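# Report on the structure
Listed below are the residues making up each chain.
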Protein chains: 2
Amino acid sequence: MTLGLIDQAKNSLTNTSWKKLDGYLRETQLLGSIHNALYWDQNTSMPSCAASWRGEQLSFLAKCLHTRQSSTEFENLIKEAREESHLEALKNGIDINNKTRNLDLLELELRRQKKLDSKLVVHLATAQTEGYALWKEAKENNDFKRFAPALKKLIDLRQEQANQLDESRSCWETLAQPFEPDLTIKRLNELFIPLRTRLPELIAKAKAVSSKNLLKWDLDQSSQQKLCELLLNQWGRNKEITSLARSPHPFSITLGPQDFRLTTRVVEGQPFSCFLATAHEWGHSLYEQGLPLQNHQWFAWPLGQATSMGVHESQSLFWENRVARSKAFSDRFWTYFSNEGAPLNSGLDLWKSMNPLLPGLNRVEADELSYGLHILIRTDLEIALLQEGLDVWDLPTEWNKRYKELLGVTPENDSEGCLQDVHWSEGSFGYFPSYLLGHLISAQLSEAMIFSLRKEGVKGEDPIGECIREGNEIKLLEWLRNEVHHYGRQVNAEQLVEKVTGRCLSCNPFLNYLENKLKMLTSS
Amino acid sequence: MTLGLIDQAKNSLTNTSWKKLDGYLRETQLLGSIHNALYWDQNTSMPSCAASWRGEQLSFLAKCLHTRQSSTEFENLIKEAREESHLEALKNGIDINNKTRNLDLLELELRRQKKLDSKLVVHLATAQTEGYALWKEAKENNDFKRFAPALKKLIDLRQEQANQLDESRSCWETLAQPFEPDLTIKRLNELFIPLRTRLPELIAKAKAVSSKNLLKWDLDQSSQQKLCELLLNQWGRNKEITSLARSPHPFSITLGPQDFRLTTRVVEGQPFSCFLATAHEWGHSLYEQGLPLQNHQWFAWPLGQATSMGVHESQSLFWENRVARSKAFSDRFWTYFSNEGAPLNSGLDLWKSMNPLLPGLNRVEADELSYGLHILIRTDLEIALLQEGLDVWDLPTEWNKRYKELLGVTPENDSEGCLQDVHWSEGSFGYFPSYLLGHLISAQLSEAMIFSLRKEGVKGEDPIGECIREGNEIKLLEWLRNEVHHYGRQVNAEQLVEKVTGRCLSCNPFLNYLENKLKMLTSS
């Protein structure tokens with residue numbers, strides 16, 4: 001009895017460091033999620049002239065966050081929690097793998113933050129706000145030179161950041177780590193090189209059959225909104241934890257353990273843009289909703305977070321391309337579209353309209369065949385800008401040259417060209433490959449999903465399609481939740497793929513999927 | 001030359017303390033405005049289950065704000081800035097009245113914040129979030145007892161707060177200071193006592209003629225929204241600095257020096273509710289827009305802030321009652337309403353519909369005659385709860401008794417009765433009288449405005465009406481900007497009224513205005 005009580009006392013004592021660290025992380029996460037709330041507001045409600053004060057708010061939060069994430073207090077809390085959990089493991093033989101992984105990841109981030117000068121953090125936050133504003137102006141006025149100096153400044157600051165971080169990686173690799181932990185340029189080349197030849201070949205094949213007979217039509221805003229609501233309702237949206245809004249660029253963001261937001265936009269003349277963006281962002285949101293937040297328990301901890309942006313994209317692309325753009329989905333959904341006035345007579349009509357397979361200038365509106373090439377171009381260019389001495393002023397020329405070579409199209413102006421994406425204006429370098437990695441991961445995970453569904457007795461050539469045809473997408477979601485989402489950052493992206501599929505990540509499943517889809521579209 | 005340089009150096013040196021304080025206040029204001037942004041989001045976009053995490057974010061910010069507002073660093077900065085500006089005044093003979101007033105107000109607030117225990121600040125923030133959630137539940141389920149314990153807790157905490165503040169004022173007066181600086185219960189009685197007899201007399205008169213023949217009709221949401229947009233466009237809304245949204249309770253809030261937000265709501269069966277709420281909240285926003293922010297200069301300083309909630313209400317009530325509910329406005333606007341399907345044949349029809357003069361149970365939807373009585377009841381009750389020993393559990397009975405006595409109506413349930421307002425659920429005590437003070441101030445300021453307009457040559461019995469009839473509301477706004485808004489907190493509410501009107505605040509202009517309006521409605 002007496003011993004038991006002493007043990008209990010010791011336990012509650014030894015549990016103190018962990019709880020203290022938890023409290024500290026929680027406050028950091030409060031600040032981080034406030035940052036996200038301001039970002040959401042900025043893009044959905046804020047009037048335009050408010051940008052400058054909002055920039056100050058965000059810089060101030062960035063400064064506070066950096067202080068917390070690099071403080072001696074934080075360092076000591078991690079150290080004490082580590083000692084405590086070791087002791088616990090020794091005494092009680094408890095499995096502390098999760099705890100250790102959490103602490104490792106925290107320490108990694110702490111080391112990074114400590115190396116950064118806080119002045120640089122504030123400069124970067126300010127340069128990002130300025131860069132975004134100038135990019136918007138430049139894009140609206142098709143005037144690259146307005147944006148070029150800001151881009152140069154952002155590159156300089158990011159190079160300085162990589163310098164301060166002083167990792168055994170190249171500049172671009174260092175900057176890519178927050179998006180894609182452990183990624184190297186070497187590995188990226190291994191994965192992407194086959195695509196450089198195979199994608200143009202597939203595009204050439206597609207051209208021969210591509211939908212010349214596509215009708216030009218549109219849907220009004222309220223119809224598009226209705227279809228999006230219908231989609232999310234059928235996909236099990238819980239309104240008590242999700243909010244929808246409009247923004248110039250669709251995005252998905254998490255503001256709290258029970259607070260998931262997504263946006264979409266209506267693009268004139270493109271009746272599927274809003275619908276597919278909704279499917280895409282909902283996929284992102286489902287991943288976040290499926291993370292091991294466990295009633296806040298890991299919300300503030302690394303294990304409660306997404307493991308990489310590539311995995312994130314794999315989830316959004318799954319719902320956009322494998323589900324919403326599938327023949328089975330079109331067969332089920334085309335009547336809703338025609339009820340809203342779309343000139344469609346069958347599921348086949350809708351399916352063909354949603355899969356035009358025509359290379360264009362715009363990444364966001366690109367089809368599945370050409371999307372990868374848009375990414376290869378951006379990846380090459382940002383590596384060149386950051387570590388191969390490409391001059392900012394040569395960017396438009398280089399951009400147009402590569403589009404001609406790889407996609408056979410040339411932008412009429414820079415707004416359609418190198419000014420089209422927001423990423424560089426916010427100083428995000430190293431993000432683009434995640435989009436293409438997402439395609440690869442989605443395809444490879446889908447193969448494993450098909451395998452599982454067959455084992456569970458789902459019949460047919462295409463078990464994913466069968467589930468969709470029956471309106472049973474919840475089955476697909478359950479698989480993703482059980483096999484993919486719950487890991488959080490326990491494993492990195494490639495480890496995750498290996499765990500789930502039993503194989504290393506490769507581009508073959510993606511290429512097989514594309515070839516198959518092309519064949520189906522050709523023959524139908 | 002040499003002397004000049006030395007002087008310059010001294011000046012920039014002596015200007016250092018002021019600048020440091022400015023920097024400090026700016027960061028405090030960044031935090032404060034972040035708090036406002038979260039509040040806006042909470043009421044316009046946030047999904048319901050996110051409330052608990054949002055509560056933690058707000059408590060965290062409240063703690064940070066309190067730390068900043070009570071720190072020794074802040075205290076020293078104020079002291080140094082004061083010494084510096086005295087020196088400046090002595091040397092250069094500059095008028096430093098504004099600087100001194102700013103420093104006095106900062107010091108007052110610092111003294112208050114320093115007296116407060118930070119634990120109490122966090123407890124209060126948490127109790128406010130909880131209280132709000134429980135009040136919502138209680139109101140929806142018409143179940144006062146669900147809310148009563150939370151209300152009791154909020155009262156206890158507020159009493160504790162008043163204790164800690166330890167001012168030479170009663171508990172209720174202490175809590176009313178942030179809303180109405182320098183207000184006393186004695187002065188409030190002087191101002192309000194005549195209303196206790198005069199308002200019921202006017203209501204009795206009105207009953208004899210009140211619009212029995214009012215048609216029951218409604219407008220659909222999109223029509224209501226269209227009319228609100230039209231109103232704000234005609235009143236000169238600048239979309240680059242203002243945003244509109246919907247929320248369960250209409251409000252107006254400022255998120256930055258160029259960031260003004262307002263909300264409205266659509267109430268079924270009440271076709272003017274949305275429209276008049278828009279006019280009301282726009283009046284609040286115009287006051288904030290007219291404060292001496294001067295390109296951020298005073299935004300973080302007391303002089304850049306509203307002087308009292310009573311003055312704030314006077315501005316919202318001016319635009320709602322003196323303008324939107326005027327005969328002249330109806331004459332100009334009725335066709336827009338009938339174009340949207342309202343069954344109206346003249347301006348007179350619209351005017352009568354917007355001024356029903358029927359005492360009811362609901363404060364927010366009350367007419368101008370009975371509004372004051374709603375406030376008197378609340379003011380009496382909160383004084384009784386806070387410092388006269390009224391038991392929380394007796395609140396429903398007391399509420400209903402007073403409604404019967406003063407307004408001759410009895411709520412069918414507590415949702416229509418003592419649960420109708422949000423204020424107490426958030427622990428706001430001392431706010432309600434500001435609404436009625438606003439009526440008084442608006443009426444007295446309007447008399448001064450009429451006098452000025454006549455001097456400027458605007459003809460007719462009712463120069464305000466003349467301007468409205470011509471669609472020249474901008475002239476009224478200019479007067480308010482020049483005579484009222486720009487003072488910020490240079491003067492308190494009563495001083496402001498005396499400055500602008502040359503007389504002490506009294507209830508006579510308000511009563512005269514009501515009598516006159518009643519006469520017009522009776523005779524038309």
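Residues numbered from 1 in each chain as written. Chains lettered and ligands numbered in written order. Predicted model: local features only at pLDDT ≥ 70, side-chain atom pairs only at ≥ 80, totals over all residues. Heavy atoms only, no water.

### Describing the relation of the copies chain A and chain B
Put simply, the second copy of the chain is the first one after a rotation about an axis and a shift along it. How we decide: Here the copies are superposed with least squares, the fitted atoms being C-alpha atoms of residues at a pLDDT of at least 70 in both. Contacts are residue-level and defined by heavy atoms, with any inter-residue pair within 4.5 Å sufficient.
Mapping chain A onto chain B is achieved by rotating through 180° and translating by 0.0 Å along the same axis, at an RMSD of 0.0 Å. Read as a symmetry element, the transformation amounts to a two-fold axis. Take the interface residues of chain A: 100% of them recur as interface residues in chain B, which is what a same-surface contact looks like.

### Notes on helix H5 (residues 118–140) of chain B
All names here are of chain B. Where we set the bar: Secondary structure elements are taken from DSSP: a helix is a run of H or I of four residues or more, a strand is a run of E of two residues or more, and numbering for both begins at the N terminus. For a helix, the expected span equals 1.5 Å multiplied by the number of residues minus one. For every residue, the accessible area (1.4 Å probe, protein chains only) is compared with the maximum for its type, and the residue is labelled buried under 20%, exposed over 50%, or partly exposed between those bounds.
End to end, H5 covers 33 Å across 23 residues, agreeing with the expected 33 Å (1.5 Å per residue, within 8%). When we look at burial in H5, the residues that qualify are Leu 120, Val 121, Leu 124, Ala 125, Ala 127, Gly 131, Tyr 132, Trp 135 and Ala 138. Positive backbone phi, approximately 45°, marks Asn 142, located one or two places after H5.

### Looking at unusual backbone geometry
Unlike most non-glycine residues, A:Asn142 shows phi in positive territory, near 50°. Along the chain, A:Asn142 falls in the loop between helix H6 (118–140) and helix H7 (144–165). Given the relative accessible area of 35%, A:Asn142 is considered partly exposed. Its identity as a non-glycine residue notwithstanding, B:Asp182 has a phi of 75°, on the positive side. Checked against the element boundaries, B:Asp182 lands in the loop between helix H7 (171–176) and helix H8 (185–209).

### What about the interface of chain A and chain B?
Heads up, the condition is: Definition used for salt bridges: Asp or Glu carboxyl oxygen within 4 Å of a side-chain nitrogen of Lys or Arg. Contacts described as polar in this section are N or O atom pairs within 3.5 Å, which, within protein, must combine one atom able to donate a hydrogen with one able to accept it, while residues neighboring in sequence count only if both atoms come from side chains. By the convention adopted, Pro, Cys, Tyr, Trp, Phe, Met, Ile, Leu, Val and Ala count as nonpolar, Lys, Arg, Asp and Glu as charged, and the other residues, Gly among them, as polar.
Counting residues at the interface gives 38 residues for chain A and 38 residues for chain B. Where chain A packs against chain B, one counts six salt bridges. When the shortest N-O distance is used, the salt bridge between A:Lys63 and B:Glu27 registers 2.8 Å. Applying the counting rule to chain A against chain B returns 20 residue pairs in polar contact (both at pLDDT 80 or more). Within the residue set of the side of chain A that touches chain B, elements represented by two or more residues are helix H2 (16–44), helix H3 (51–69), strand S1 (242–246), strand S2 (252–256) and strand S3 (259–264) of chain A. The leading source of residues in the side of chain A that touches chain B is H2(A), at 11 residues. Here the residues of the side of chain A that touches chain B sort into 17 nonpolar, 11 polar and 10 charged.

### Section: the packing of aromatic side chains
In this description, an aromatic ring pair is defined by two values, namely the gap between the centres and the angle between the planes. Residue and element names in this part refer to chain A. As a reminder of what qualifies: Within 6.5 Å between ring centres, the rings of Phe, Tyr and Trp (the latter by its six-membered ring) count as paired, and their orientation is classed by plane angle as stacked under 30 degrees, edge-to-face over 60, tilted in between.
A full pass over the atoms with the stated rule returns 51 aromatic pairs over all chains. For the pair Tyr 132 and Trp 135, a centre-to-centre distance of 5.8 Å together with 40° between the ring planes defines the contact as tilted. You can see Tyr 132 and its partner Trp 135 sitting in helix H6, three residues apart, about one turn around the helix. Taken together, the ring pairs connect Trp 217, Trp 235, Phe 272, Phe 275, Phe 318, Trp 319, Phe 329, Phe 333, Tyr 336 and Phe 337 into an aromatic cluster.

### Some words on the pattern of salt bridges
Residue and element names in this part refer to chain A. Under the criterion given, the structure shown has 78 salt bridges over all chains. Close ionic contact of Arg 54 with Asp 41 constitutes a salt bridge, the shortest N to O distance being 2.9 Å. Within this pair, whereas Arg 54 is found in helix H3, its partner Asp 41 is found in helix H2, the two being separated by 13 residues in sequence. Between Arg 187 and Glu 190 there is a salt bridge, and its shortest N-O distance comes to 2.9 Å. Note that Arg 187 and Glu 190 are positioned in helix H9 (residues 185–209) at a spacing of three residues, about one turn of the helix. For Glu 190, a relative accessible area of 45% corresponds to the partly exposed category. It is possible to trace a salt-bridge network through shared partners that takes in Arg 196, Asp 380, Glu 398, Lys 401 and Arg 402.

### Observations concerning the sheet that holds strand S2 (residues 252–256) of chain B
Residue and element names in this part refer to chain B. Formally: The criterion for strand pairing is that DSSP finds at least two bridges linking the strands in question. Throughout, an axis means a line fitted to C-alpha atoms (over the contacting stretch in the case of helices), and angles, computed between N-to-C directions, take values from 0 to 180 degrees.
Spatially, three strands are ordered S1-S3-S2 in an open sheet, and the strand pairing comes out mixed. Two strands bound the open sheet, and with one partner strand each, they are strand S1 (242–246) and S2. For this sheet, the mean inter-axis angle between neighbouring strands, taken without regard to orientation, is 25°. Alignment of S1 against strand S3 (residues 259–264), held across five bridges, turns out to be parallel. Paired with Ala 245 across the two strands is Thr 263, which belongs to S3.

### Topic: the environment of B:Trp135
All names here are of chain B. The buried category is assigned to Trp 135, whose relative accessible area is 2%. Linking Trp 135 and Met 46, residues 89 residues apart in sequence, is a C-alpha distance of 18 Å. Other than its neighbours up to four places away in sequence, Trp 135 contacts Phe 147, His 249, Leu 419, Gln 420, Asp 421, Val 422 and Ser 425.

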